[in-house]
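One letter stands for each residue in the lines below.
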Amino acid sequence: MSIATRDPGDPEQSPDQDVAAHPHGSFFGRRKGHKLRSHQADLIEHLLPRLALDITGPSPPGLAELFDPPAGEVRLEIGFGGGEHLIAEALAFPATGFIGCEPYVNGMAKILTQIEARNIRNIRLFAGDAAELLAWAPAHSLARIDLIHPDPWPKRRHWKRRFVQDASIAAMARVLVPDGEFRFVSDIDDYCAWTLAHLLRSPDFLWTAERAADWRRPWSGYTVTRYGRKAEREGRRAAYLRFRKTSSRGARPCARLEG
Ligand SMILES: C[S@@+](CC[C@H](N)C(=O)[O-])C[C@H]1O[C@@H](n2cnc3c(N)ncnc32)[C@H](O)[C@@H]1O
């Protein structure tokens, strides 16, 4: 991956000793960047606890009741970064419940600022590793999972850190409803090929593309994120991969995400 400027939130640009790896999880990046402004710190302290999922207890029978009024369907965005896409989706689909997962505290502070300013009521948040959230979520509880410009981990010895692995694919299959979707966006060709190869060998998903335009162009209503804009500036084109869950599997215990 070519990197023009140093980004404190990008683990690819951090020396290895800066990277806090979970021994059994799938988050290997940074949790903190620059110091939060005082209002952001206040939102983390007071608003986040009101919106945060508590995954320390048993999972509820479904996720729709986490929202008031209960959501028609629930979607998850993994690693929402600054939250541009998640905020736009939540505003566009007010009857849908959205769960945003992001361990990077500065990203969390950004989305909380938007949620407060726009009085958004259909977002719940998890400030941790999506692997843990997926393991906790009840089977067949999500209509869609979006993974947009995930950390690419371009070096071969770091490929095991990529979020897309056989175990995470099985974990997503467990929590998606039948016909639910996993959507993946990346401007890193090698990660797109990796994701296609992993999803195509999964018994649980079908790639929905019928023509090149289906993966070369974003789907209708897609909001370009900060990393998407950075890729455009640097001349890289993103691919937009959509996979439909084909099986009705859901009763299996979820594997931890490793290697
Ligand atoms: C390259 S950034 C992209 C952010 C945003 N999606 C965008 O397109 O601008 C990847 C994000 O994924 C988050 N992330 C990495 N591993 C994660 C994990 N296991 N669970 C949840 N988020 C994760 C990082 O903290 C980071 O904010």
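Residues numbered from 1 in each chain as written. Predicted model: local features only at pLDDT ≥ 70, side-chain atom pairs only at ≥ 80, totals over all residues.

Enquirer: Outline the overall build of the chain, listing residues and values.
Expert: When helices and strands are counted, the chain shows nine helices and seven strands. Residues classed as buried in the chain amount to 39% of the 259 residues present. If you take every contact in the chain between residues at least 6 apart in sequence, the share linking residues at least 24 apart comes to 80%. (Helix = DSSP H or I, 4+ residues; strand = E, 2+ residues; numbered from the N terminus. Buried ≥ 20, exposed ≤ 12 C-beta atoms within 10 Å, placed from the backbone. Contact = placed C-beta atoms within 7 Å.)

Enquirer: So what's going on with the pairing of strand 3 (residues 123-126)? Which residues, and what values?
Expert: Bridge count for strand 2 (residues 97-101) against strand 3 is four bridges, and the pairing is parallel. Following the sheet pairing, Ile99 is matched in strand 3 by Arg124. Running through helix 4 (residues 105-118), the crossover from strand 2 to the neighbouring parallel element strand 3 is right-handed. (Pairing = 2+ DSSP bridges. Right-handed = clockwise from strand over helix to strand, strands pointing away.)

Enquirer: An account of the packing of helix 1 (residues 38-46) against helix 4 is needed here, citing residue identities and associated values.
Expert: The geometry of helix 1 relative to helix 4 is characterised by a closest axis approach of 9 Å and an angle of 90 degrees between their N-to-C directions. The orientation of helix 1 relative to helix 4 falls into the category roughly perpendicular. Residue-level contacts link Gln40, Leu43 and Ile44 of helix 1 to Val105, Met108, Ala109, Leu112, Thr113 and Glu116 of helix 4. Of the residues in the contact of helix 1 with helix 4, the class split is six nonpolar, two polar and one charged. (Axes fitted to C-alpha atoms, helices over the stretch in contact; angles between N-to-C directions. Parallel < 35°, antiparallel > 145°, perpendicular 65-115°, else oblique. Nonpolar A, V, L, I, M, F, W, Y, C, P; charged D, E, K, R; others polar.)

Enquirer: Explain helix 7 (residues 189-200) to me, and be specific about the residues and the numbers.
Expert: In this model, helix 7 (twelve residues) spans 16 Å end to end at C-alpha, consistent with the 16 Å of a helix rising 1.5 Å per residue. Among all positions of helix 7, only Tyr191, Cys192, Thr195 and Leu199 are buried. Buried residues of helix 7, viewed axially, fall in a sector of 105 degrees; they line one side. Of the exposed residues in helix 7, those oriented more than 90 degrees away from the buried face are Ala193, Ala197 and Leu200. (Expected span 1.5 Å × (residues − 1). Arc of directions from axis to C-beta.)

Enquirer: Which residues make up the site of the ligand, and what values do they have?
Expert: Within the structure, the ligand sits among 26 residues, and Gly79, Gly81, Ala130, His149 and Thr225 are positioned closest to it. Going through the elements one at a time, helix 5 (130-136) and helix 9 (226-233) are the ones with two or more residues in the shell around the ligand. It is helix 9 that contributes the most residues to the shell around the ligand, three residues altogether. When its residues are assigned to classes, the shell around the ligand shows twelve nonpolar, ten polar and four charged. (Near = placed C-beta within 6 Å.)

Enquirer: So, unusual backbone geometry: which residues are in play, and what are the values?
Expert: Of note, the amide linkage connecting Asp68 to Pro69 takes the cis form, showing an omega dihedral of 0 degrees. Of note, Pro69 is situated in the loop between helix 2 (48-51) and strand 1 (74-78). Backbone geometry at Asn119 places phi at a positive 55 degrees, although glycine is not the residue there. Tracing the sequence through the fold places Asn119 in the loop between helix 4 and strand 3. Classification of Asn119 as exposed rests on a count of 6 C-beta atoms within 10 Å. For His140, which is not a glycine, the phi torsion comes out positive at approximately 55 degrees. Tracing the backbone shows His140 in the loop between helix 5 and strand 4 (142-148). Judged by local crowding, His140 falls into the partly exposed class, with 18 C-beta atoms found within 10 Å.

Enquirer: So what's going on with the sheet that holds strand 4? Residues and values would help.
Expert: Pairing is mixed in the open sheet, where seven strands are placed in the order 3-2-1-4-5-7-6. Of all the strands in the sheet, the pair left with one neighbour each is strand 3 and strand 6 (205-207). On average, adjacent strands in this sheet sit at an angle of 20 degrees to one another, irrespective of strand direction. In this fold helix 6 (residues 166-175) packs onto strand 4, strand 5 (176-186), strand 6 and strand 7 (239-245), with an angle of close to 140 degrees to the strand it touches most, strand 5.

Enquirer: Now, about the nonpolar core: what can you tell me, with residues and values included?
Expert: By size, the foremost hydrophobic cluster in this structure holds 55 residues, and its most contacted members are Leu142, Ile145 and Met172. The residues touching Ile145, leaving out its near neighbours within four places in the chain, are Leu76, Ile78, Met172, Leu176 and Phe182. (Core = buried A, V, L, I, M, F, W, Y, C linked by C-beta atoms within 7 Å.)

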